[in-house]
Amino acid sequence: MASTERRRETRILSRRERFQQKISRRIVPKGEAFFGRMERSVNERPGAVKAGPTSPERVNILGRTAQVPDFVAPPAMPNNIPNMIGSFRGIRRSIRELDENPAEPGTTIDEAGIEALEAFAKSAGALSIGYAEVPERLVFKGYAILHPHAVVLTMEMDKERIDQAPSKNTGLAVHETYSRLGRVSNEVAGYLRRQGYSAHAGHPLNGMALYPPIAEAAHLGGRGMHGLLITPEMGPTVRIAAVFTSIENLPVPEGENPHAWVTEFCDHCRLCAKRCPVDAVYDEPIEHEDGRLTCVSDERCLPYFAVTHGCSICVAVCPFNKAGYERLHGSVEASGHREAVAQHVDAG
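Computed from a predicted structure; not experimentally measured.

## Examining the overall build of the protein chain
Stage number 1. For the protein chain, the count of helices and strands is 14 helices and 10 strands.
Stage number 2. Taking 2.2 N^0.38 as the reference for a compact globule, 348 residues should give roughly 20 Å; the C-alpha atoms of the protein chain span a radius of gyration of 20 Å, in line with that estimate.
Stage number 3. Its C-alpha atoms put the protein chain at 60 × 55 × 40 Å along the principal axes.
Stage number 4. Counting over 348 residues, the protein chain shows a buried share of 53%.
Stage number 5. Sequence-distant contacts, at least 24 apart, represent 79% of the contacts inside the protein chain between residues at least 6 apart.
Stage number 6. Put simply, the protein chain shows about 15900 Å² of open surface, and 49% of that area lies on carbon and sulfur atoms.
Stage number 7. Averaged over its 41 positive side-chain charges, the protein chain has a centre that lies 12 Å from the centre of its 43 negative ones.

## Comments concerning the sheet that holds strand 2 (residues 128-133)
The strands that make up a sheet pair up through hydrogen bonds in the backbone, lying either parallel or antiparallel.
Stage number 1. Sheet architecture is open: four strands sit in the order 2-4-8-5, paired in antiparallel fashion. Two strands lie at the open edges of the sheet, namely strand 2 and strand 5 (199-202), each paired on one side alone. Strand-to-strand twist of the sheet, defined as the mean angle between neighbouring strand axes without regard to direction, takes the value 25°.
Stage number 2. Relative to strand 4 (residues 149-156), strand 2 is paired through six bridges, and the arrangement is antiparallel. Note that in strand 4 the partner of S128 across the bridge is T154.

## Looking at a nonpolar patch on the surface
Stage number 1. On the surface, a nonpolar cluster with roughly 300 Å² of combined accessible area is contributed by F19, I23 and I27.
Stage number 2. With respect to the secondary-structure elements, F19 resides in helix 1 (residues 15-40).

## Focus on the confidence of the model for the protein chain
Stage number 1. In the predicted model, the protein chain carries a mean pLDDT of 93, and 96% of its residues have values of at least 70.
Stage number 2. Note on residues 1-8: pLDDT is under 50 here. Beyond four places in sequence and across chains, it has 24 contacts.

## Things to note about empty space enclosed by the protein
Stage number 1. This structure, assessed with the given rule, holds two cavities of 30 Å³ or more.
Stage number 2. Considering the residues around the largest cavity, the lining is formed by 13 residues, among which C266, C269, C272, C318 and P319 are closest to the centre.
Stage number 3. A total of three residues in the lining of the largest cavity trace back to one element, the largest contributor, which is helix 8 (residues 261-269).
Stage number 4. The calculated volume of the second largest cavity comes to roughly 40 Å³.
Stage number 5. What lines the second largest cavity is E32, F35, G36, E39, R58, F88, I91 and N206.
Stage number 6. Breaking the lining of the second largest cavity down by element, the ones donating at least two residues are helix 1 and helix 3 (81-96).
Stage number 7. Broken down by element, the lining of the second largest cavity gets its largest block of residues, four residues, from helix 1.
Stage number 8. Partitioned by chemical class, the residues of the lining of the second largest cavity number three nonpolar, two polar and three charged.

## Looking at the environment of R194
Stage number 1. The topology assignment puts R194 in helix 6 (residues 168-194).
Stage number 2. A C-alpha to C-alpha distance of 8.9 Å links R194 and P102, two positions 92 residues apart in sequence.

## Examining the packing of aromatic side chains
Stage number 1. Enumeration over the complete set of coordinates arrives at eight aromatic pairs.
Stage number 2. When the centroid spacing of 4.6 Å and the interplanar angle of 20° are considered together, the rings of F120 and Y191 count as stacked. Here Y191 lies in helix 6 and F120 lies in helix 4 (residues 111-124), a separation of 71 residues in the sequence.
Stage number 3. Taken together, a centroid distance of 5.2 Å and an interplanar angle of 65° make the contact between W261 and Y325 edge-to-face.

## Thoughts on the packing of helix 3 against helix 6
Stage number 1. Running from amino to carboxyl end, helix 3 crosses helix 6 at an angle of 25°, the nearest separation of the two axes being 9 Å. Classified by the interaxial angle, the pair formed by helix 3 and helix 6 is roughly parallel. In this structure, the crossing between helix 3 and helix 6 has a hand that is left-handed. Here N83, M84, G86, S87, G90, R93 and S94 of helix 3 come into contact with helix 6, specifically with L172, H175, E176, Y178, S179, N186 and E187.
Stage number 2. Split by residue class, the contact of helix 3 with helix 6 holds three nonpolar, eight polar and three charged.

## Side note on the pattern of salt bridges
Stage number 1. As enumerated under the stated definition, the model contains 10 salt bridges in all.
Stage number 2. Ionic pairing is found between R93 and E187, a salt bridge with its closest N-O pair at 2.9 Å. Placement of the pair is R93 in helix 3 and E187 in helix 6, with a sequence separation of 94 residues.
Stage number 3. On the basis of relative accessible area, R93 is assigned to the partly exposed category, the value being 28%.
Stage number 4. Of the charged contacts, one joins K159 and D163 as a salt bridge, the two residues approaching to 2.8 Å between their closest N and O atoms.
Stage number 5. One salt-bridge network, held together by shared partners, links R93, E97, E187 and R193.

The rules behind each value
Residues numbered from 1 in each chain as written. Predicted model: local features only at pLDDT ≥ 70, side-chain atom pairs only at ≥ 80, totals over all residues. Heavy atoms only, no water. Helix = DSSP H or I, 4+ residues; strand = E, 2+ residues; numbered from the N terminus. Rg over C-alpha atoms; globule rule 2.2 N^0.38 Å. Buried < 20%, exposed > 50% of the residue type's maximum accessible area, 1.4 Å probe, protein only. Contact = heavy atoms within 4.5 Å. Areas by Shrake-Rupley, 256 points an atom, 1.4 Å probe, with all protein chains shown as cover. Lys, Arg positive; Asp, Glu negative; His and termini not counted. Charge placed at Lys NZ, Arg CZ, Asp CG, Glu CD. Pairing = 2+ DSSP bridges. Axes fitted to C-alpha atoms, helices over the stretch in contact; angles between N-to-C directions. Patch = residues over 30% accessible without salt bridge, like charges linked within 9 Å, V, L, I, M, F, W, Y side chains within 5 Å. Salt bridge = Lys/Arg side-chain N within 4 Å of Asp/Glu carboxyl O. pLDDT = per-residue confidence, 0-100. 1 Å grid on protein atoms, 1.4 Å probe; cavity = no way out; pocket = protein on both sides within 12 Å on 5 of 7 lines; lining within 4 Å. Points joined across faces, edges and corners; volume = space filled by probe spheres on them. Nonpolar A, V, L, I, M, F, W, Y, C, P; charged D, E, K, R; others polar. Phe/Tyr/Trp six-rings, centres within 6.5 Å; stacked < 30°, edge-to-face > 60°. Parallel < 35°, antiparallel > 145°, perpendicular 65-115°, else oblique. Left-handed = near helix turned anticlockwise from the far one by under 90°.

Laid out in structure tokens, this is it:
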């Protein structure tokens, strides 16, 4: 494991940085709290799926990182301001447009309707589309989703900039994707409304529910040791959103997830844990009573995350980002997990 001695040392801030810190600590938590209250209003809507007794707390990333002593500003500022504004506007839109849902929404869709939906989502910018039922245990405490039926969306991040992690360019790439995928989720929700269905766009920034296991249930990828979704298209270099809809007969996949092999590969690999500068990736995930897994320690991750433009080292070093899903899968099929790890993973 990486030594915790590699943590960043406290440094003296410049006058400009102190000014940025002062402004950011005032604005960021208040802004996130404002939009959080807006999102929690979904609890008041009839039929909303509320959090269950074992639901996780939402990690409000921007507000939490603003509390870190060495925090200066959100990632990649000031370049990131348009993306931050775009994400906040997307969250506001996702709630305001709930009032545009039809009074008597449709509940079924045929194969042609699914094909048209997927074509629209991809034309809007989605990388992959899947379907899942969302249990209340995956809805964040204090929040709610309008329907338990989810259209799950992914979008790729810019691999070239992710590979530079941790860096300002990496932080900018991540937040560009949050903003763009937020627009896509709202566009897909609008499309469904025009077809006569009720829809609630879930924004990728923070979100109302825990997206990785929902995307796993939709068979869009497998779980990595770092807890991130690993997809066949882009490995872990994606973000996730969902649109919760009144459609009750979505083609939710059955049987074993074809990407389940990823977890066993990761158990042999463990490179993200070895390369994490603050030992935030657990050797073994914490399994909660409802089966939910926690793979990363927020207490260790967030202080470093806050001062390195959102870090993302665990994404950048992941063999699924470097070698690619199909290549690793072929090696596992040919020679097994241990040999595939030995062939493709630089454990140095």
